[in-house]
Amino acid sequence: MLYQTQGNQEQATIYLQRAAKIEEANLSNFLISGSESERQLYLNTFRGTTNTMVSLGIQSRDSSARELAMSTLLRRKGRVLDSVTGSLQKLRQQLSTEEKNLLDEFNSSRSALAALYFNGLEYYSPEQYQAEINRLKEKVKSLETSLSQRSEEFRIETQSASIESVQALIPNHAALVELVRYEPFNFEDYQNRWSEPERYAAYILTANGQLQAIDLGEAAPIDALVAEFRRALGSQSSRTKTIARQLDEQIMAPIRPLLGDNTHLLLSPDSQLNLIPFAALVTE
């Protein structure tokens, strides 16, 4: 925050990149135990840094800031999905008996490591505590390597999302539109850093183009239109087309100039935008 306030964009981004790596490592370790509600609560503790990175990506002209924001969005959405669906448990059904045993050992070792981080020293001396952490980290790494060599499904499932890996899966003439609701971070006034209303933004990624980002405006008016649109669809109102045009003007019209020649959209909505059929919006 200090570097950003001083106008040192490059140094601010470097520190945020370090923070993102640390948080990603923590999420990887901690989201393997507890109930779904506990995992969701833990994920919510990362909202502040997610909002900060999204804000920086929107406000900055620096491509590295946009890439950091997009990487964070992809990873956080991926972690939420893994947490909710229990992806590793579903993967277990596809493995051989030997691979299942390795996966069970992998999960129990990660759980033990997470418990160590959470519980602290307890009855360990500092030296014993660090030695036990190192032992478990080495064991997890060894089991992960072994499982990755044996199972392509495991290797794919445990890969951390990256812009490059996602970009490689986008077809030609297509664009990924990553929509996000965020709380803007005020870098100019730290005391009132969260005083502004929430907004929507879009990050646009194509198979071979540069990552682009655009702010779509305050969230409350868009959410109100979404609610009105859903009511109109349900009642077959004569205003349905008018509202669909207003929503398109608010959400998609700012995005279209950034799409180039790409005609196939891969939409990843957020918040209330998950509730509308985008194909029903009305263009110019």
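Shown above is the structure to which this text applies.
Now for a quick tour of the structure. (Residues numbered from 1 in each chain as written. Predicted model: local features only at pLDDT ≥ 70, side-chain atom pairs only at ≥ 80, totals over all residues. Heavy atoms only, no water.)

## A few points about the overall build of the chain
- When its secondary structure is counted, the chain shows 12 helices and 4 strands.
- Dimensions of the chain along its principal axes, counting C-alpha atoms only, are 65 × 50 × 35 Å.
- The buried share of the chain, reckoned over its 284 residues, is 39%.
- Looking at the chain alone, contacts between residues at least 24 apart form 66% of all its contacts between residues at least 6 apart.
- If the 29 positive side-chain charges of the chain are averaged to one point and the 36 negative ones to another, these points end up 2 Å apart. (Helix = DSSP H or I, 4+ residues; strand = E, 2+ residues; numbered from the N terminus. Buried < 20%, exposed > 50% of the residue type's maximum accessible area, 1.4 Å probe, protein only. Contact = heavy atoms within 4.5 Å. Lys, Arg positive; Asp, Glu negative; His and termini not counted. Charge placed at Lys NZ, Arg CZ, Asp CG, Glu CD.)

## Considering the side chain of Glu 99
- Tracing the sequence through the fold places Glu 99 in helix H7 (residues 97–119).
- For Glu 99, which is buried and forms no salt bridge, the nearest opposite charge comes from Arg 150, at a distance of 5.4 Å.
- Sequence-distant contacts of Glu 99, that is, excluding residues within four places in its chain, are made with Leu 147 and Arg 150. (Salt bridge = Lys/Arg side-chain N within 4 Å of Asp/Glu carboxyl O.)

## Focus on the environment of Arg 79
- Note on placement: Arg 79 falls in helix H5 (residues 63–85).
- Residues Arg 79 and Gly 234 lie 155 residues apart in sequence; the distance between their C-alpha atoms is 33 Å.
- If sequence neighbours within four positions are ignored, Arg 79 has contacts with Glu 24, Leu 27, Ser 28, Leu 31 and Leu 43.

## What to know about helix H12 (residues 240–251)
- A rise of 1.5 Å per residue sets the reference length of H12, with its 12 residues, at 16 Å; its end C-alpha atoms lie 16 Å apart and thus fit the reference within 8%.
- Along H12, the residues that are buried comprise Thr 240, Ile 243, Ala 244, Leu 247, Asp 248 and Ile 251. All buried residues of H12 fall inside an arc of 140 degrees around its axis, so they share one side.
- Check the buried side of H12 and you find it contacts strand E1 (174–182), strand E3 (212–218) and helix H11 (219–235). (Expected span 1.5 Å × (residues − 1). Arc of directions from axis to C-beta.)

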